[in-house]
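The chain contents come next:
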Amino acid sequence: FFRGELINNFLIYLLIDSLTILLFIYVFSKSLIDFKNEKKKIPMIINLFSLLLSFLPVDDLQVYVTFPFNYQKRMEAVEYVRTEQFLDNDINLLQLPNQYEHLSIEGIVSIHNHDMICFYTLRGLSISGSKMLIYTTNSPDEIYKSFWKVFYLKKISDNWYYVKTR
(Lines give C-alpha, C1' and ligand atoms only; values in the text may rest on other atoms or scores of the structure.)
Protein backbone atom coordinates (compact mmCIF):
# COMPACT_ATOMS: atom_id res chain seq x y z
CA PHE A 1 0.00 0.00 0.00
CA PHE A 2 2.69 2.51 1.02
CA ARG A 3 4.87 1.84 -2.05
CA GLY A 4 1.94 2.42 -4.42
CA GLU A 5 0.97 5.64 -2.66
CA LEU A 6 4.58 6.84 -2.77
CA ILE A 7 4.87 6.11 -6.49
CA ASN A 8 1.55 7.84 -7.21
CA ASN A 9 2.65 10.94 -5.28
CA PHE A 10 5.99 10.95 -7.08
CA LEU A 11 4.30 10.70 -10.47
CA ILE A 12 1.96 13.57 -9.61
CA TYR A 13 4.89 15.79 -8.60
CA LEU A 14 6.82 14.73 -11.70
CA LEU A 15 3.82 15.62 -13.88
CA ILE A 16 3.40 19.01 -12.20
CA ASP A 17 7.13 19.76 -12.57
CA SER A 18 7.08 18.68 -16.23
CA LEU A 19 4.05 20.85 -16.98
CA THR A 20 5.68 23.81 -15.24
CA ILE A 21 8.85 23.40 -17.29
CA LEU A 22 6.88 23.04 -20.52
CA LEU A 23 4.84 26.14 -19.69
CA PHE A 24 8.01 28.09 -18.98
CA ILE A 25 9.58 26.95 -22.28
CA TYR A 26 6.43 27.91 -24.19
CA VAL A 27 6.15 31.36 -22.61
CA PHE A 28 9.88 31.97 -22.97
CA SER A 29 9.93 30.99 -26.65
CA LYS A 30 6.79 33.03 -27.34
CA SER A 31 8.31 36.10 -25.72
CA LEU A 32 11.57 35.48 -27.61
CA ILE A 33 9.67 35.55 -30.90
CA ASP A 34 7.90 38.73 -29.82
CA PHE A 35 11.25 40.21 -28.79
CA LYS A 36 12.74 39.55 -32.24
CA ASN A 37 9.78 41.25 -33.84
CA GLU A 38 10.23 44.13 -31.40
CA LYS A 39 6.56 44.02 -30.50
CA LYS A 40 6.80 43.36 -26.81
CA LYS A 41 10.00 43.46 -24.81
CA ILE A 42 8.47 43.45 -21.33
CA PRO A 43 7.50 39.72 -21.27
CA MET A 44 11.03 38.74 -22.29
CA ILE A 45 12.54 40.89 -19.56
CA ILE A 46 10.14 39.37 -17.00
CA ASN A 47 11.03 35.85 -18.14
CA LEU A 48 14.77 36.52 -17.96
CA PHE A 49 14.35 38.01 -14.50
CA SER A 50 12.32 34.96 -13.41
CA LEU A 51 14.96 32.64 -14.81
CA LEU A 52 17.70 34.46 -12.90
CA LEU A 53 15.65 34.34 -9.69
CA SER A 54 15.22 30.58 -10.04
CA PHE A 55 18.98 30.14 -9.67
CA LEU A 56 19.32 32.29 -6.57
CA PRO A 57 19.65 30.46 -3.26
CA VAL A 58 16.61 32.19 -1.77
CA ASP A 59 16.58 30.17 1.45
CA ASP A 60 20.23 31.04 2.12
CA LEU A 61 19.57 34.70 1.48
CA GLN A 62 16.61 34.56 3.84
CA VAL A 63 18.80 33.17 6.63
CA TYR A 64 21.51 35.80 6.20
CA VAL A 65 18.99 38.64 6.01
CA THR A 66 16.74 37.60 8.90
CA PHE A 67 19.43 36.38 11.31
CA PRO A 68 20.47 39.86 12.53
CA PHE A 69 16.84 40.88 13.01
CA ASN A 70 16.00 37.77 15.05
CA TYR A 71 19.31 37.55 16.92
CA GLN A 72 17.97 38.82 20.25
CA LYS A 73 14.92 36.52 20.13
CA ARG A 74 17.16 33.55 19.25
CA MET A 75 19.40 34.29 22.23
CA GLU A 76 16.32 34.45 24.47
CA ALA A 77 15.22 31.09 23.05
CA VAL A 78 18.69 29.65 23.72
CA GLU A 79 18.44 30.77 27.36
CA TYR A 80 14.95 29.25 27.56
CA VAL A 81 16.23 25.93 26.16
CA ARG A 82 19.16 25.90 28.59
CA THR A 83 16.78 26.15 31.57
CA GLU A 84 14.73 23.10 30.46
CA GLN A 85 15.38 19.68 31.94
CA PHE A 86 16.13 16.88 29.49
CA LEU A 87 16.35 13.14 29.50
CA ASP A 88 19.74 11.48 29.43
CA ASN A 89 19.61 10.55 25.74
CA ASP A 90 21.73 12.41 23.19
CA ILE A 91 19.00 14.09 21.11
CA ASN A 92 15.91 15.85 22.43
CA LEU A 93 13.21 17.79 20.64
CA LEU A 94 11.65 20.77 22.32
CA GLN A 95 8.54 22.72 21.32
CA LEU A 96 9.30 26.42 21.71
CA PRO A 97 6.78 28.75 23.39
CA ASN A 98 4.55 30.86 21.14
CA GLN A 99 6.80 33.94 21.20
CA TYR A 100 9.71 31.90 19.76
CA GLU A 101 7.88 29.57 17.35
CA HIS A 102 8.79 31.62 14.27
CA LEU A 103 12.50 31.00 14.87
CA SER A 104 12.41 27.35 13.77
CA ILE A 105 10.30 25.20 11.45
CA GLU A 106 7.17 24.06 13.32
CA GLY A 107 8.52 25.86 16.39
CA ILE A 108 10.67 22.85 17.26
CA VAL A 109 14.37 22.88 18.13
CA SER A 110 16.59 19.87 18.62
CA ILE A 111 19.19 19.65 21.33
CA HIS A 112 22.21 17.46 20.65
CA ASN A 113 24.51 16.26 23.44
CA HIS A 114 23.03 18.89 25.80
CA ASP A 115 25.11 21.68 24.23
CA MET A 116 24.07 22.09 20.59
CA ILE A 117 20.74 23.81 19.87
CA CYS A 118 19.41 23.53 16.30
CA PHE A 119 16.92 25.98 14.83
CA TYR A 120 15.68 24.50 11.56
CA THR A 121 15.14 26.58 8.43
CA LEU A 122 14.47 23.42 6.40
CA ARG A 123 13.84 20.14 8.15
CA GLY A 124 14.32 17.06 6.01
CA LEU A 125 14.11 13.38 6.75
CA SER A 126 17.10 11.17 7.36
CA ILE A 127 17.38 10.53 3.62
CA SER A 128 17.09 14.19 2.64
CA GLY A 129 18.92 17.26 3.75
CA SER A 130 18.25 19.82 6.43
CA LYS A 131 19.28 23.43 6.84
CA MET A 132 19.68 24.84 10.29
CA LEU A 133 21.14 27.50 12.48
CA ILE A 134 23.10 25.89 15.29
CA TYR A 135 24.06 27.52 18.54
CA THR A 136 26.97 25.81 20.23
CA THR A 137 29.87 26.77 22.44
CA ASN A 138 31.86 23.83 21.07
CA SER A 139 34.12 23.80 18.04
CA PRO A 140 32.73 23.27 14.54
CA ASP A 141 34.32 19.80 14.58
CA GLU A 142 31.63 18.73 17.04
CA ILE A 143 28.96 19.71 14.52
CA TYR A 144 30.57 17.47 11.91
CA LYS A 145 30.63 14.62 14.44
CA SER A 146 27.00 15.10 15.53
CA PHE A 147 25.32 15.37 12.14
CA TRP A 148 25.23 13.00 9.25
CA LYS A 149 26.64 14.27 5.93
CA VAL A 150 27.34 17.92 6.71
CA PHE A 151 28.39 19.52 3.42
CA TYR A 152 28.21 23.20 4.31
CA LEU A 153 29.11 24.92 7.56
CA LYS A 154 29.61 28.64 7.96
CA LYS A 155 30.09 30.65 11.09
CA ILE A 156 27.71 33.60 11.00
CA SER A 157 28.21 34.99 14.51
CA ASP A 158 29.79 34.08 17.83
CA ASN A 159 28.67 30.51 18.62
CA TRP A 160 26.23 30.52 15.66
CA TYR A 161 26.68 28.37 12.56
CA TYR A 162 24.64 27.90 9.41
CA VAL A 163 24.69 24.20 8.50
CA LYS A 164 23.41 22.19 5.56
CA THR A 165 23.24 18.41 5.56
CA ARG A 166 22.53 15.94 2.77
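Residues numbered from 1 in each chain as written. Predicted model: local features only at pLDDT ≥ 70, side-chain atom pairs only at ≥ 80, totals over all residues. Heavy atoms only, no water.

Of regular secondary structure, the chain possesses four helices and six strands. Sequence-ordered secondary structure for the chain, helices as α and strands as β, is α-α-α-β-β-β-β-α-β-β. Once local pairs closer than 6 in sequence are excluded, the contacts in the chain between residues at least 24 apart make up 37%. A total of about 11,600 Å² of accessible surface is found on the chain, and carbon and sulfur atoms cover 63% of it. (Helix = DSSP H or I, 4+ residues; strand = E, 2+ residues; numbered from the N terminus. Contact = heavy atoms within 4.5 Å. Areas by Shrake-Rupley, 256 points an atom, 1.4 Å probe, with all protein chains shown as cover.)

As a further point, take the pairing of strand β3 (residues 116-122). The buried fraction of β3 is high, at five of seven residues. Here four bridges tie strand β2 (residues 108-112) to β3, and the two strands are oriented antiparallel to one another. Bridging across to β3, Ile111 finds its partner in Ile117. Linking β2 back to β3 in an antiparallel pair, the connection comprises three residues, with Asn113 at a positive phi of about 55°. (Buried < 20%, exposed > 50% of the residue type's maximum accessible area, 1.4 Å probe, protein only. Pairing = 2+ DSSP bridges.)

A contiguous nonpolar surface patch, about 580 Å² in accessible area, is contributed by Leu15, Leu19, Ile21, Leu22, Phe24 and Ile25. Looking at where Ile25 falls in the secondary structure, it is placed in helix α1 (residues 2-36). (Patch = residues over 30% accessible without salt bridge, like charges linked within 9 Å, V, L, I, M, F, W, Y side chains within 5 Å. Salt bridge = Lys/Arg side-chain N within 4 Å of Asp/Glu carboxyl O.)

Another point: the nonpolar core. One broad rule of soluble globular proteins: the nonpolar side chains tend to lie buried together. One finds Val81, Leu96, Val109, Ile117, Phe119, Leu133 and Trp160 to be the most contacted residues of the largest nonpolar core, which totals 18 residues. When residues of this core are traced back to their parent elements, those giving at least two are α3 (58-83), β2, β3, β4 (131-136) and β6 (160-165). Per-element accounting of this core gives the leading share, six residues, to α3. Once residues lying within four places of it in the same chain are set aside, the contact partners of Trp160 are Phe67, Tyr71, Arg74, Met75, Val78, Phe119, Leu133, Ile134, Tyr135, Lys154 and Lys155. If you look at the next biggest cluster of nonpolar residues, it comprises ten residues, including Cys118, Tyr120, Ile134 and Tyr161. (Core = buried A, V, L, I, M, F, W, Y, C linked by side-chain atoms within 4.5 Å.)

Another aspect to go through is the packing of aromatic side chains. Each pair of aromatic rings is reported with the distance of its centres and the angle of its planes. Counted by the stated rule, this structure contains seven aromatic pairs. Pairing Phe67 with Trp160 gives two aromatic rings, centres 5.5 Å apart and planes at 70°, and the pair type is edge-to-face. You can see Phe67 sitting in helix α3 and its partner Trp160 sitting in strand β6, a full 93 residues away along the chain. Take Trp160: its relative accessible area is 0%, and that puts it in the buried class. Ring-pair connections join several aromatic residues into one group, and the members of that group are Phe67, Tyr71, Phe119, Tyr135 and Trp160. A cation over a ring is seen here: Arg123 above Tyr120, with NZ or CZ 5.1 Å from the ring centre. A cation sits over an aromatic face here: Arg166 above Phe151, 4.2 Å from the ring centre. (Phe/Tyr/Trp six-rings, centres within 6.5 Å; stacked < 30°, edge-to-face > 60°. Lys NZ or Arg CZ within 6 Å of the ring centre and 35° of its normal.)

The analysis is restricted to geometry; functional conclusions fall outside its scope.
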